[in-house]
Amino acid sequence: MINIDGLIELPKIRAIWKMSFETQTRRSLFRFGKPQIIPALVISLILAVLGLSIILVISDLRRTLREQILQQDSEVLHAATVVNQKALEQEGLDLTDAQTRLGAILEASEFRGEVSAIRLFDTEGRFITAFPSGVTRSELGSDDLLKLKNLASVSHFHPKARVADINPTVRQPIGEAQVFPLIEAIVPLHAESGKHFLGAAQFLLNGERVAREFAVMDRHLFRHGLLFFAIGGTVIVVAVGWAFQRLQHANEQLSARTADLLHANHELTLAAKTSAIGAVAAHLIHGLKNPLFGLQLLASSRLEQKIPPRESDWQTALSSTKRMQSMIAEIVRILQEEQGQTAYHLSLSEVIQMIESKVQPIAQEGNIALSIKGDAQGQLSNRNANLIILVLVNLLQNAVQALPANIGKVELSITEIEGQIHFRISDNGPGLPEQIKANLFAPCRSTKEGGTGLGLAISKQLANHMGGALELEGTGKNGTTFLLTLPTNLVWRREHSVL
């Protein structure tokens, strides 16, 4: 038995398949490469970023601390120089004299016993004199000179200074180190008011103490950075590892559900195709019912009355047989196209001509006026065209068979309204009985003698199958109108064509 009510609409199938495809895509993206590699790569990247951040912070902190340590010596020497210049100025000495300034500088150097040499520069950074006399000549850099003119002291650290580059006259004993750490402290010279720049003094100090402070500071910074990296890295590894475990577990569940969904989608697709074939087969059964019933009545009446068959009886039987053969051939063709890969397009005008060729002979046989009007243009796939023909032919045949001869009129009009194609089938019959209207599209309800009541039920299911709808628009003493609405996306239009 064919289950007509179990037909599945294609839009639902497409929605389920889309959801399944998107899920499968996400699954494929997650499983790129071996699953074990992805967590390791992510954790390594996070640790690398953490390590780089720690290095940058420690480097900036190290630079700041080194500048502060170096600045201590220059600030002390600067303060001592200012005090000595003030004392000389109170004694009435001329501070513009280089020798006077050198004396004040020498007294200031006593605050730092590590001073090895002193250079004196003028306001343009040019070398004036030095102590001791063998110290090499040099000039101040432009950056240092700019800071000194703003009365700010400057310090530089040279971890491997050469003795010969500072004072070539010094002869070191063989075996002693030829390089040593050196601090270069440069202080501005100015009057008591602190506004007038008079020059600069460069103190060259032994930097072994500062080098030891730097080494201790570097060890502390390294240990603290390593400790922070170890603690932060451990937290990151544990947190990210736990997150990936949860994600892997969720992915396994998603994979299992995706497999179930794909299987269900396959079953739904098969069910939809089977249902469509079942509906077409049911249409065949419904169509064959009327000519078979006619043949049965003809044979029964002749046998009961023992009347020999007339020529017209043979013509009626032959006509019914041809109709059944034509219907069977048509349904077989549709089923072959439904199951196969055959695909082509039919214009709407061709579809209308095919409908007219099937219904017009029946209408002429009953002296019913049949008219089809509409200026529809466009193309339909062979599958949709076949289903539309089945529905409209069934509705038109129902209308023709329900009308009295000679005065009956049936009309099919085709229009496009608000993105939908309207197929309106109207007749001038007496209308449908009230007891039929309540369950019009339910199976096994018919007003015709010998009818199965499957025609409207099958037509409605086929309309739903295409994403459309079939409904009774109106019925009464002036006639009955059925409306088949289909979405316009079923119609493929050539360029410049208008529906």
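Definitions and cut-offs
For every chain, the first residue of the written sequence is number 1, and numbering continues from 1 along that sequence. The predicted origin of the model limits local features to residues at a pLDDT of at least 70 and limits the giving and counting of side-chain atom pairs to 80 or more, whereas totals for whole chains, interfaces and linings rest on all residues. Excluding hydrogens and water, the side-chain figures rest on all heavy atoms present in the structure. By salt bridge we mean one thing: a side-chain nitrogen of Lys or Arg within 4 Å of a carboxyl oxygen of Asp or Glu. Buried, partly exposed and exposed residues are distinguished by accessible area as a fraction of the type maximum, computed with a 1.4 Å probe on protein chains only: under 20%, between the cut-offs, and over 50%, respectively. Numbering of helices and strands runs from the N terminus, with a helix taken as a DSSP run of H or I at least four residues long and a strand as a DSSP run of E at least two residues long. Note on method: axes are straight lines fitted to C-alpha atoms, helices fitted across the in-contact stretch only, with angles between N-to-C directions ranging 0 to 180 degrees. Should an angle fall under 35 degrees it is taken as roughly parallel, and over 145 as roughly antiparallel, whereas 65 to 115 is taken as roughly perpendicular and any remaining angle as oblique. In this scheme the handedness of a crossing depends on how the near helix is turned from the far one: anticlockwise by less than a right angle means left-handed, clockwise means right-handed. Whether two residues touch is decided by their heavy atoms; if any such pair falls within 4.5 Å, the residues are in contact. Throughout, the ten residues Ala, Val, Leu, Ile, Met, Phe, Trp, Tyr, Cys and Pro are labelled nonpolar, Asp, Glu, Lys and Arg are labelled charged, and all others, Gly among them, are labelled polar. Polar contacts, as counted here, are pairs of nitrogen or oxygen atoms within 3.5 Å of one another; within protein the pair requires one atom able to donate a hydrogen and one able to accept it, and residues that are adjacent in sequence qualify only if both atoms are side-chain atoms. Nonpolar cores were defined as sets of buried Ala, Val, Leu, Ile, Met, Phe, Trp, Tyr and Cys residues, with membership established by side-chain atoms within 4.5 Å. Every residue gets a pLDDT, meaning the predictor's confidence in that residue, from 0 to 100. Paired strands, as defined in this entry, are two strands with at least two bridges between them according to DSSP. Any residue with relative accessible area above 30% and no salt bridge may belong to a patch, with like charges joined within 9 Å and the nonpolar Val, Leu, Ile, Met, Phe, Trp and Tyr side chains within 5 Å. Only the protein chains shown count as covering a residue, and every accessible area follows the Shrake-Rupley method with a 1.4 Å probe. Note on ring pairs: Phe, Tyr and Trp rings are taken, using the six-membered ring of Trp, and paired if centres are within 6.5 Å. Classes follow the plane angle, with under 30 degrees stacked, over 60 edge-to-face and the rest tilted. Lysine NZ or arginine CZ positioned within 6 Å of the ring centre and within 35 degrees of the ring normal marks a charge as sitting over the ring. Working rule for helices: expected span equals 1.5 Å times residues minus one.

Looking at the pattern of salt bridges
Moving on, step 1. Applying the stated criterion across every chain yields a total of eight salt bridges.
Moving on, step 2. Here Asp122 makes a salt bridge to Arg126, at a shortest N to O gap of 3.2 Å.
Moving on, step 3. For Arg126, a relative accessible area of 45% gives the class partly exposed.
Moving on, step 4. Here Glu473 ties to Arg424 by a salt bridge, and the two come within 2.7 Å at their closest N and O atoms. Linking Glu473 in strand S11 (residues 469-476) with Arg424 in strand S10 (residues 420-427), this pair joins segments that are 49 residues apart in sequence.
Moving on, step 5. Via salt bridges that share partners, Asp60, Arg63 and Glu67 belong to a single interconnected network.

Considerations on the packing of helix H8 (residues 348-365) against helix H9 (residues 382-402)
Moving on, step 1. Following both chains from N to C, one finds H8 and H9 inclined at 25°, their axes separated by 10 Å at the closest point. Relative to H9, the element H8 is oriented roughly parallel. With respect to the hand of their crossing, H8 and H9 are arranged in right-handed fashion. Between H8, through Val351, Met354, Ile355, Lys358, Val359, Ile362 and Ala363, and H9, the contact on the second element is made entirely by Ala385, Ile389, Leu392, Val393, Leu396, Gln397 and Val400.
Moving on, step 2. Looking at side-chain class alone, the contact of H8 with H9 contains twelve nonpolar, one polar and one charged residues.

Brief notes about the side chain of Gln202
Moving on, step 1. Looking at the element boundaries, Gln202 is found in strand S5 (residues 197-206).
Moving on, step 2. A relative accessible area of 3% means that Gln202 is categorised as buried.
Moving on, step 3. Of note is the side chain of Gln202, whose polar atom sits 2.6 Å from the side chain of Arg119.

Examining the nonpolar core
Moving on, step 1. Ranked by size, the top nonpolar core spans 43 residues in total, and within it Ile355, Leu380, Leu392, Leu396, Val410, Phe423 and Leu484 carry the most contacts.
Moving on, step 2. Those elements that place two or more of their residues in this core are H8, H9, strand S9 (409-417), S10, helix H11 (455-465) and strand S12 (479-487).
Moving on, step 3. No other element matches the twelve residues that H9 contributes to this core.
Moving on, step 4. Discounting chain neighbours no more than four positions away, the residues touching Leu392 are Ile355, Leu412, Phe423, Ile425 and Leu484.
Moving on, step 5. With 19 residues, the next largest nonpolar core counts Val115, Phe157, Ala185 and Phe214 among its residues.

A word on the confidence of the model for the protein chain
Moving on, step 1. Averaged over every residue, the pLDDT of the protein chain is 75; the share at 70 or more is 65%.
Moving on, step 2. Taken element by element, the predicted model of the protein chain shows its lowest mean pLDDT in helix H1 (residues 10-30) (48) and its highest in S12 (92).
Moving on, step 3. Between residues 24-33, whose pLDDT stays under 50, and residues either more than four places distant or in other chains, the model counts eight contacts.

A word on the sheet that holds strand S6 (residues 345-347)
Moving on, step 1. Read from one edge of the open sheet, three strands run S6-S8-S13, paired in antiparallel fashion. Every other strand in the sheet has two partners, leaving S6 and strand S13 (491-492) as the edge strands with one partner each.
Moving on, step 2. Here three bridges tie S6 to strand S8 (residues 379-381), and the two strands are oriented antiparallel to one another. Paired with Ser347 across the two strands is Gln379, which belongs to S8.
Moving on, step 3. Across the sheet, H8 is in contact with S6, S8 and S13; its angle to S6 comes to roughly 75°.
Moving on, step 4. Across the face of the sheet, H9 comes into contact with S6 and S8 while running at roughly 95° to S8.

Considerations on a nonpolar patch on the surface
Moving on, step 1. Nonpolar side chains collect at one region of the surface, where Leu227, Ile231 and Val235 lie side by side and expose about 290 Å² of accessible area between them.
Moving on, step 2. The residue Ile231 is located in helix H6 (residues 208-305) in this model.

Things to note about the packing of H9 against H11
Moving on, step 1. As a packed pair, H9 and H11 sit with axes 10 Å apart at the nearest point and diverge in direction by 150°. By the angle between their directions, the pair H9 and H11 is classed as roughly antiparallel. Relative to H11, the crossing made by H9 is left-handed. Between H9 and H11, the contacting residues are Arg383, Leu387, Leu390, Val391, Asn394, Leu395 and Asn398 on the first element and Gly455, Leu456, Ser459, Leu462 and His465 on the second.
Moving on, step 2. For the contact of H9 with H11, the residue count by class is six nonpolar, five polar and one charged.

Observations regarding the packing of aromatic side chains
Given two aromatic rings, their pairing is described by the distance between the two centres and the angle made by the two planes.
Moving on, step 1. A full pass over the atoms with the stated rule returns two aromatic pairs.
Moving on, step 2. Ring centres of Phe121 and Phe127 lie 6.3 Å apart, and the angle between their planes is 80°; this geometry places the pair in the edge-to-face category.
Moving on, step 3. Here Phe127 falls in the buried class, since its relative accessible area comes to 15%.
Moving on, step 4. Plain terms: the ring middles of Phe157 and Phe214 are 5.1 Å apart, the flat faces sit at 80° to each other, and that makes the pair edge-to-face. Taken together, the positions of Phe157 in strand S3 (residues 154-162) and Phe214 in helix H6 put the pair 57 residues apart, joining distant regions of the chain.
Moving on, step 5. Here Phe157 falls in the buried class, since its relative accessible area comes to 16%.
Moving on, step 6. Here Phe214 falls in the buried class, since its relative accessible area comes to 3%.
Moving on, step 7. Directly above the ring of Phe214 sits Arg66, whose terminal nitrogen or CZ lies 4.0 Å from the centroid.

Some remarks on the environment of Val135
Moving on, step 1. Relative to the helices and strands, Val135 resides in the loop between strand S2 (127-131) and helix H4 (142-149).
Moving on, step 2. The exposure class of Val135 is buried, given its relative accessible area of 5%.
Moving on, step 3. Each C-alpha atom, one on Val135 and one on Asp165, is 8.6 Å from the other, the two residues being 30 residues apart in sequence.

Focus: H8
Moving on, step 1. Its 18 residues place the ends of H8 26 Å apart at the C-alpha level, agreeing with the 26 Å of an ideal helix rising 1.5 Å per residue.
Moving on, step 2. Among all positions in H8, only Leu348, Val351, Ile352, Ile355, Val359, Gln360, Ile362 and Ala363 are buried.
Moving on, step 3. Trailing H8 by a residue or two, Asn367 shows a phi angle of about 55°, which is positive.

Some remarks on the sheet that holds S3
Moving on, step 1. Pairing is antiparallel across the open sheet formed by five strands, whose spatial order is S2-S1-S5-S4-S3. This sheet does not close on itself; its edge strands, each paired only once, are S2 and S3. Strand-to-strand twist across the sheet, computed as the mean angle between neighbouring axes with direction ignored, equals 20°.
Moving on, step 2. Both strand S1 (residues 115-121) and S2 contribute to a ladder of four bridges, which runs antiparallel. Within S2, the position partnered with Arg119 by the bridge is Ala130.

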